[in-house]
Amino acid sequence: MAIDPYGIRDQFPILNRKVHGNSLVYLDSAATSQKPVAVLDASRRYYEEINSNIHRGTHHLAQAATSAHEDARKVVANHLHAASPEEIIFTAGATDGINLAASALGRSGRITRGDEILISALEHHSNIVPWQMLCERTGATLKIIPVNEDGTLDQEAFERLLAGQVRVLAVTHVSNAFGTVVPVAAMTAAAKAAGALVLIDGAQAAPHTSLDLQELGADFYVFSGHKVYAPTGIGVLFGRRAILDDLPPWRGGGEMIKKVAFEKTTYNELPFKFEAGTPHIEGAIGLAAALEWIDGIGLPAVHEHEAALIRHAAEALDSVDGLHLYGPPDRMASLSFNVDGLHHYDLGTLLDQMGIAVRTGHHCCQPLMARFDVTGTIRASFGVYNTAEDVDRLAEAVAKAVTMLR
Ligand SMILES: *Cc1c(COP(=O)(O)O)cnc(C)c1O
C-alpha cells in the first residue's frame with residue numbers, strides 16, 4: 001500500500017515555490033495543510049458554475065448549489081461513518097464546533113453547579129477555554145487529566161477523576177503539540193459507562209487516520225477543514241442524533257428556523273437548527289473534494305507513510321547534541337523538540353532562512369508548555385506530501401543551525 005509522495009507532492013502547486021532562495025520544505029501541516037489541485041478546482045468550479053445562495057431558491061443555480069452543499073454533507077457523513085448526514089453540522093472549524101457544543105450544552109440546562117467537566121493537560125486552547133466559559137456560566141468545575149513525563153495521559157488519574165461528578169469528557173484525539181495519540185476509544189467507553197457525554201477534538205487525527213464514529217461511540221467529534229487539505233473557514237461538528245435533537249440551538253438567524261413570528265419562533269430540524277446564516281458553501285464543497293481526494297489515496301496508507309517519516313525524523317534529530325524530543329515514540333502528525341541552551345524561536349528563524357517551514361512557540365497549548373517548564377518547542381509536522389528528502393533537509397538544517405547558534 002506504499003504511496004508515491006512525489007506524485008502527490010506534484011498536486012500541490014505551492015510546494016514548488018522557493019522561500020529565501022531555497023526550495024520549500026513544508027513541515028507545518030499541523031497548523032494548516034496545503035491544498036491539492038483537486039480541492040482548488042472544486043472551489044473554483046463552484047464559483048464559475050453554480051455560485052448562488054442555498055435553500056429556498058427556486059432558480060437553477062440555487063438548486064444546483066443546494067444539491068452540491070448537501071451532497072458534501074453526505075460525503076463527510078460517509079467518510080466518518082456517521083449514522084446519517086443529519087449528524088454532520090458544518091462549522092467554521094474545530095474551535096467553532098467546540099464552542100457550539102459547549103454553548104448548546106450550557107443552554108440546555110444539563111450542566112449545573114457541582115457538575116464536573118473533564119479535559120486533559122494536552123489540550124489546545126480551543127478545547128480549554130470554551131469549557132472554562134461553560135463552567136463560569138453554570139458553576140460547574142473544570143478538572144484536568146494530568147500528562148506523564150513521556151507526553152501520554154495519566155490513565156490512573158483519569159480513572160480516579162471519573163469517579164467524580166463528570167458530566168462531559170472533552171479530550172484531544174492526537175496532541176497538536178507533541179503528536180501523542182490518546183486512547184480515545186477506551187476513554188470514551190469508560191466515560192460513557194460513568195454517565196458522561198464525550199467530545200473528541202479530532203483536529204490532528206482527521207488528516208492522518210481513518211475514523212469510524214459509530215464504532216468510536218463519542219457523542220461529539222470536531223475537526224477543521226483547513227488541516228485536512230480543504231479550505232479555511234469550514235469544519236465539522238459530528239453529533240449523535242439523539243443528543244443533537246435534544247440540544248437547543250446556539251446562534252439564531254436565518255436557516256436555523258422553521259417559522260418566525262414576534263410571539264414565538266420554532267426551530268428547524270437537524271442539521272439546519274445549528275447552522276444559522278449563509279454557510280460557507282464553497283468550503284463545504286471543498287471539504288468534500290478534499291475527503292474524496294484523501295480517501296482516493298487511502299488514510300491507512302497515508303498514516304503508514306507519515307509514521308515512517310516521523311520515525312525517520314526522530315532518529316535523525318536524536319543524534320543532534322543536546323536535542324530533546326517530546327512525546328512518546330509512536331507519534332502521529334507532529335514531532336516536537338528543543339535544544340539545550342537555544343531558544344526555539346532563534347532555531348526556527350534559521351530554519352526558515354534555509355527554506356524549512358516549522359512552527360515554534362507554545363502551539364496554543366500554554367498549560368502543556370508550563371507542565372514541561374518551557375515557553376515553547378520547535379514542531380515539525382507532516383502531511384501526505386512530505387518525503388524522506390524533506391526529513392533529511394530538516395535534520396541537516398537543524399544540525400547546521402545548532403552549530404551556528406552555539
Ligand atoms: C488546530 C487545532 C484546533 C483549532 O482549530 P481551528 O481550525 O483553529 O479552529 C483545535 N484543536 C487542535 C488539537 C488543533 O490542532
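Owing to the predicted nature of the structure, the values given are computational and were not obtained by experimental measurement.

Trainee: Could you clarify how one ought to interpret the sheet that holds strand E4 (residues 88–91) in this entry?
Mentor: Strands belonging to one sheet form pairs held by backbone hydrogen bonds; the direction of such a pair is parallel or antiparallel. Strand order in the open sheet formed by 7 strands is E4-E10-E9-E8-E7-E5-E6, and the pairing between neighbours is mixed. Each edge of the sheet is formed by a strand with only one pairing partner; in this case those strands are E4 and strand E6 (141–145). The mean inter-strand angle of the sheet, taken between neighbouring strand axes irrespective of direction, is 20 degrees. By the bridge criterion, 3 bridges tie strand E8 (residues 197–201) to strand E9 (residues 220–224) in an arrangement that is parallel.

Trainee: Can you walk me through the sheet that holds strand E14 (residues 334–339) in this structure?
Mentor: One open sheet accounts for 4 strands, arranged E13-E14-E17-E16; its pairing is antiparallel. Of all strands in the sheet, those with a lone pairing partner are strand E13 (323–326) and strand E16 (359–361), marking the two edges. Taking the axes of each pair of neighbouring strands and ignoring which way they run, one obtains an average angle of 30 degrees across the sheet. Taken together, the 3 bridges between E16 and strand E17 (residues 377–381) define a ladder with antiparallel strand orientation. Residue pairing for E17: Arg359 is matched across the bridge by Arg379.

Trainee: Can you walk me through the side chain of Ser103 in this structure?
Mentor: One can find Ser103 in helix H4 (residues 94–108). A residue is classified by how much of its surface remains accessible, and Ser103, at 17% relative accessible area, is buried. At 3.3 Å, the side chain of Ser103 and the side chain of Trp250 are in polar contact.

Trainee: Can you help me understand the site of the ligand in this one?
Mentor: Around the ligand, the neighbouring residues are Ala94, Thr95, His124, Ser126, Thr172, Asn176, Asp201, Ala203, Gln204, Ser224, His226 and Lys227. Side-chain polar atom of Ser224 to an oxygen atom of the ligand: 2.6 Å apart, as the coordinates give it. With respect to the ligand, the side chain of Lys227 contributes an N or O atom lying 2.8 Å from an oxygen atom. Residues belonging to the shell around the ligand are distributed by class as follows: 2 nonpolar, 8 polar and 2 charged.

Trainee: Can you help me understand helix H11 (residues 299–318) in this one?
Mentor: Count 3.6 residues to each turn of an α-helix, and residues three or four apart come out pointing the same way. Taking 1.5 Å of rise per residue, the 20 residues of H11 would be expected to cover 28 Å, and the 28 Å separating its terminal C-alpha atoms lies within 8% of that figure. Every buried residue of H11 is listed here: Leu299, Ala301, Val302, His305, Glu306, Ala307, Leu309, Ile310, Ala313, Ala314 and Leu317. Close packing links the buried residues of H11 with helix H1 (5–9), helix H3 (60–80), helix H10 (281–297), E13, E14 and helix H14 (388–405).

What counts and how
Residues numbered from 1 in each chain as written. Predicted model: local features only at pLDDT ≥ 70, side-chain atom pairs only at ≥ 80, totals over all residues. Heavy atoms only, no water. Pairing = 2+ DSSP bridges. Helix = DSSP H or I, 4+ residues; strand = E, 2+ residues; numbered from the N terminus. Axes fitted to C-alpha atoms, helices over the stretch in contact; angles between N-to-C directions. Buried < 20%, exposed > 50% of the residue type's maximum accessible area, 1.4 Å probe, protein only. Polar contact = N/O pair within 3.5 Å; in protein donor to acceptor, adjacent residues only side chain to side chain. Near = heavy atom within 4 Å. Nonpolar A, V, L, I, M, F, W, Y, C, P; charged D, E, K, R; others polar. Expected span 1.5 Å × (residues − 1). Contact = heavy atoms within 4.5 Å.

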